[in-house]
Amino acid sequence: MAGVDASRLSLNTATVREQWSLAECIEGCARHGIGAVSPWRDKLHEMGTTAAARAIRDAGLGVSGLCRGGWYTEDGSLTQKVKDDNRRAVDEAAEIGAACLVMVVGGLPKGSKDLPAAQALVEEGLADTLDYARTVGVPVAIEPLHPMYAGDRACVSTTRQALDICDRLGDGIGVALDVYHVWWDFDLAKQIERAGRERLLAFHICDWLVPTKDLLLDRGMMGDGVIDIAHVRGLVEAQGFDGYVEVEIFSGDNWWTRDADEVLATMIDRAKDC
């Protein structure tokens, strides 16, 4: 399998969040020949959604996704505040032309140990967001997170679980698969086939380091860890996925401390072996 050319890469702004603003990410992607960008909402708000949309268009970049909606369990119930924030996220995704709105759905509410209740709350929230997203044509992408985050970030932990929700909610919703979160899953190949092209909305890459020093802020650059990225990429592309390959790396002690142009150049070089 051939590697990924820079024109098929997308820079998730988390990868250089400590070094660059969104405006700098847009300019840097254009300068390095990277095909797309995927903003986090904090960076988008700093720049302004309308200004960012214009700059992205002027640079000729795609937008592989907007990170992130969700957090349905944050208030312990599906409050109007949470609903409204997710509708704003949908509008922002539409304005910048994002291929999808990536959903980090939320973990257990504070003080709770009731995982099924949290999962039911998440599904109720996704249904509400999806009702609105359909009216503006923004696909909603559930991102299953590694089970280590079930308590605080996402009580949807597997691709199977995410697709079960998609089955119940219908059109307009699919999955964003990040190899960091799903590489370990023995059922992954079957579930990617089950998703099919229509529900494979985003594909994120980085690597799992051994040992991992921090479970949130010590992701690896592709090739530095144990994930068979090319294999997982092969699985999604066998279903017809032809979208951008998005690089999303949280790295407090390494990649966030380096020159951002070095990070992008390394991304491009490593992607050739993915």
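Rules used throughout
- Residues numbered from 1 in each chain as written.
- Predicted model: local features only at pLDDT ≥ 70, side-chain atom pairs only at ≥ 80, totals over all residues.
- Heavy atoms only, no water.
- Phe/Tyr/Trp six-rings, centres within 6.5 Å; stacked < 30°, edge-to-face > 60°.
- Helix = DSSP H or I, 4+ residues; strand = E, 2+ residues; numbered from the N terminus.
- Buried < 20%, exposed > 50% of the residue type's maximum accessible area, 1.4 Å probe, protein only.
- Lys NZ or Arg CZ within 6 Å of the ring centre and 35° of its normal.
- Salt bridge = Lys/Arg side-chain N within 4 Å of Asp/Glu carboxyl O.

> Which residues make up the packing of aromatic side chains, and what values do they have?
Scanning the model with the defined rule gives five aromatic pairs in all. With a centroid separation of 5.9 Å and an interplanar angle of 50°, the aromatic rings of W183 and W208 are classed as tilted. You can see W183 sitting in the loop between α7 (179–182) and α8 (188–199) and its partner W208 sitting in the loop between β8 (200–205) and α9 (229–238), a full 25 residues away along the chain. Judged by relative accessible area, W208 falls into the buried class, the value being 13%. Between the aromatic rings of F203 and F241, the centroid separation amounts to 6.4 Å while the plane-to-plane angle is 70°, which identifies the pairing as edge-to-face. Taken together, the positions of F203 in strand β8 and F241 in the loop between α9 and β9 (245–247) put the pair 38 residues apart, joining distant regions of the chain. Taken individually, F203 and F241 each receive the classification buried, so the pair is uniform in this respect. Here a set of aromatic residues connected by ring pairs shows up, and it is made of W40, F250 and W256. Over the ring of W255 we find R258, and its NZ or CZ is 3.9 Å from the ring centre.

> Go over the pattern of salt bridges, please, and point to the residues and values.
Taken as a whole, this structure holds 21 salt bridges when the rule is applied. Note that R31 is salt-bridged to D261, the shortest N-O span being 2.7 Å. Taken as a pair, R31 in helix α1 (residues 22–32) and D261 in helix α10 (residues 260–271) lie far apart in primary sequence, 230 residues in all. A salt bridge links K81 to D75, with the shortest nitrogen-to-oxygen separation between them at 3.5 Å. Judged by its relative accessible area of 33%, D75 is partly exposed. A single network of salt bridges, built from pairs that share partners, joins R41, D85, R88 and E92.

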